[in-house]
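A structural walkthrough
If you want the building blocks of each chain, they are given just below.
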Amino acid sequence: MQIIDGKAVSAQIKLEIAEEVVRLKSEGKKTPHLAAVLVGHDGGSETYVANKVRACEEVGFKSTLIRFEENVSEDELLSCVERLNNDDDVDGFIVQLPLPEHISENKITEAIDYRKDVDGFHPVNVGRMAIGLPCFLSATPSGIVELLRRYKIETRGKHCVVLGRSNIVGKPVSMLMLQKSYPGDCTVTVCHSRTKNIKEICVQADIIIAALGSPEFLKADMVKEGAVVIDVGTTRVPSTKTKSGFKLTGDVAFDEVAPKCSFITPVPGGVGPMTIVSLLKNTLLAAKKEIYR
Ligand code: GUN
């Protein structure tokens, strides 16, 4: 069993990005600039956005954080998106989700210029991904396939079971694993809360991507000997053992599942760090105008 070290891989990719930023600057090109919009004070979102801003600093990007209170109106947020769309210094930006109930996430996502949509959530980017055209790939699916690539994990002809059908992980990662390319070429089954016989389906999987948000859902008796298990879960479970008072818990019961696997990602330190790196890669692509002019 080999543990997939997302922290080490992401550190390596950050070095590669930082080198490229130095090169761009030495050629007189502009510093890549990522803006992040954060609404409210949700603990998880605060942490994610702070990590994204810190990662920008680490690789030499410029970053801007724009904050709104929970009661910001949809129109105010739409005006902010419009401003960022038209700001030539901003190469890419994200609006951290979830948003408060009174704001339509779809409306905000669609208002973002797809050429600056470094989250890869805009329908143009999702659609282009679905048919294999160059696009901004959404961060978590892109991080997962990068881990499979860097660990040279065979995916061709394998049965990949995706647990979860969210727009930001389950659906896009299932499309990437289906793609006629490497990593990809899988037979893909997507399971969700209404799926019958999840256990029977999981035991047939060569690769399981667990993205349900249900702590320790995947148990040892659901996993075939030698399977590859990718854990996308990051639920904050209360804990008396940590300073923060919570512990990030994956969708996989790691201690019992790991001995059966050929490869497995831990939580934390697996997919999580890769997600941020994917965002940095997209921002670099946006700054270089490599996908859209
Ligand atoms: N909320 C959870 N994950 C993400 C992400 O990748 N991007 C944004 N914008 N919000 C999120």
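Every value quoted in this text rests on a predicted model; they were computed, and no experiment measured them. (Residues numbered from 1 in each chain as written. Predicted model: local features only at pLDDT ≥ 70, side-chain atom pairs only at ≥ 80, totals over all residues. Heavy atoms only, no water.)

Let's talk about the overall build of the protein chain
Along the backbone of the protein chain there are 10 helices and 11 strands. The C-alpha radius of gyration of the protein chain comes to 19 Å, within 12% of the 19 Å expected for a compact globule of 293 residues. Overall, the protein chain is about 50 × 40 × 35 Å in size when its C-alpha atoms are taken along their principal axes. The buried share of the protein chain, reckoned over its 293 residues, is 49%. In the protein chain, of all internal contacts separated by at least 6 residues, the share reaching a separation of at least 24 is 71%. Just so you have it, the protein chain exposes about 14000 Å², and 52% of that area is on carbon and sulfur atoms. If the 37 positive side-chain charges of the protein chain are averaged to one point and the 38 negative ones to another, these points end up 4 Å apart. (Helix = DSSP H or I, 4+ residues; strand = E, 2+ residues; numbered from the N terminus. Rg over C-alpha atoms; globule rule 2.2 N^0.38 Å. Buried < 20%, exposed > 50% of the residue type's maximum accessible area, 1.4 Å probe, protein only. Contact = heavy atoms within 4.5 Å. Areas by Shrake-Rupley, 256 points an atom, 1.4 Å probe, with all protein chains shown as cover. Lys, Arg positive; Asp, Glu negative; His and termini not counted. Charge placed at Lys NZ, Arg CZ, Asp CG, Glu CD.)

Thoughts on the site of the ligand
All residues in the neighbourhood of the ligand are listed as Lys52, Val95, Gln96, Leu97, Asp119, Phe121 and Ile168. Between Gln96 and the ligand, the recorded distance is 3.3 Å, taken from a side-chain N or O atom to a nitrogen atom. Contact distances for the ligand include 2.9 Å between a nitrogen atom and a backbone N or O atom of Leu97. Against a free-state accessible area of 280 Å², the protein chains account for coverage of 83% of the ligand. When grouped by side-chain class, the residues that make up the shell around the ligand number four nonpolar, one polar and two charged. (Near = heavy atom within 4 Å. Polar contact = N/O pair within 3.5 Å; in protein donor to acceptor, adjacent residues only side chain to side chain. Nonpolar A, V, L, I, M, F, W, Y, C, P; charged D, E, K, R; others polar.)

Brief notes about the pairing of strand S7 (residues 207–210)
The two faces of S7 match: Ile207 and Ile209 on one face and Ile208 and Ala210 on the other face are all buried. As defined by bridge partners, S7 adjoins strand S8 (residues 227–231) across four bridges and the pair is classed as parallel. Across the sheet, Ile208 pairs through a bridge with Val229, a residue of S8. (Pairing = 2+ DSSP bridges.)

A word on the sheet that holds strand S11 (residues 261–264)
Reading across from one edge, S1-S11-S8-S7-S5-S6 is the order of the six strands in this open sheet, with parallel pairing throughout. Both outer strands of the open sheet, strand S1 (2–3) and strand S6 (187–191), are each paired with one neighbouring strand and no more.

Digging into the side chain of Thr109
Looking at the element boundaries, Thr109 is found in helix H4 (residues 105–111). Residue classification places Thr109 among the buried residues on the basis of a relative accessible area of 14%. A distance of 2.8 Å separates a polar side-chain atom of Thr109 from the backbone oxygen of Glu105.

Examining the environment of Glu20
Mapped onto the elements of the fold, Glu20 is located in helix H1 (residues 6–26). For the pair Glu20 and Ser142, spaced 122 residues apart in sequence, the C-alpha separation works out to 20 Å. Apart from the residues within four sequence positions on either side, Glu20 is in contact with Leu284 and Lys288.

Concerning the packing of helix H6 (residues 139–150) against helix H10 (residues 271–287)
The relative placement of two packed helices comes down to the angle between their axes together with the axis-to-axis distance. Here H6 crosses H10 at 110 degrees, and the two axes come no closer than 7 Å. Between H6 and H10, the angle falls in the class roughly perpendicular. Counting all contacts with H6, which are made through Ala139, Thr140, Ser142, Gly143, Ile144, Glu146 and Leu147, the residues of H10 involved are Val271, Met274, Thr275, Ser278, Leu279 and Lys281. (Axes fitted to C-alpha atoms, helices over the stretch in contact; angles between N-to-C directions. Parallel < 35°, antiparallel > 145°, perpendicular 65-115°, else oblique.)

Description of the nonpolar core
Counting 50 residues, the largest nonpolar core has Ile17, Phe61, Ile144, Met177, Ile209 and Ile230 as its most contacted members. Considering every element that reaches this core, the biggest residue donor is H10, with eight residues. Apart from residues no more than four positions distant in its own chain, Ile17 is found in contact with Val59, Phe61, Val277, Leu280, Lys281 and Leu284. By size, the runner-up hydrophobic cluster in this structure holds 19 residues, among which are Leu163, Ile208, Met222 and Val229. (Core = buried A, V, L, I, M, F, W, Y, C linked by side-chain atoms within 4.5 Å.)

Side note on the packing of H1 against H10
Running from amino to carboxyl end, H1 crosses H10 at an angle of 20 degrees, the nearest separation of the two axes being 9 Å. As far as their axial angle goes, H10 and H1 are roughly parallel. As for the relative orientation of H1 and H10, their crossing is left-handed in sense. In this structure, H1 uses Gly6, Lys7, Val9, Ser10, Ile13, Lys14, Ile17, Glu20, Val21 and Leu24 to contact H10, whose residues at the interface are Pro273, Met274, Val277, Leu280, Lys281 and Leu284. (Left-handed = near helix turned anticlockwise from the far one by under 90°.)

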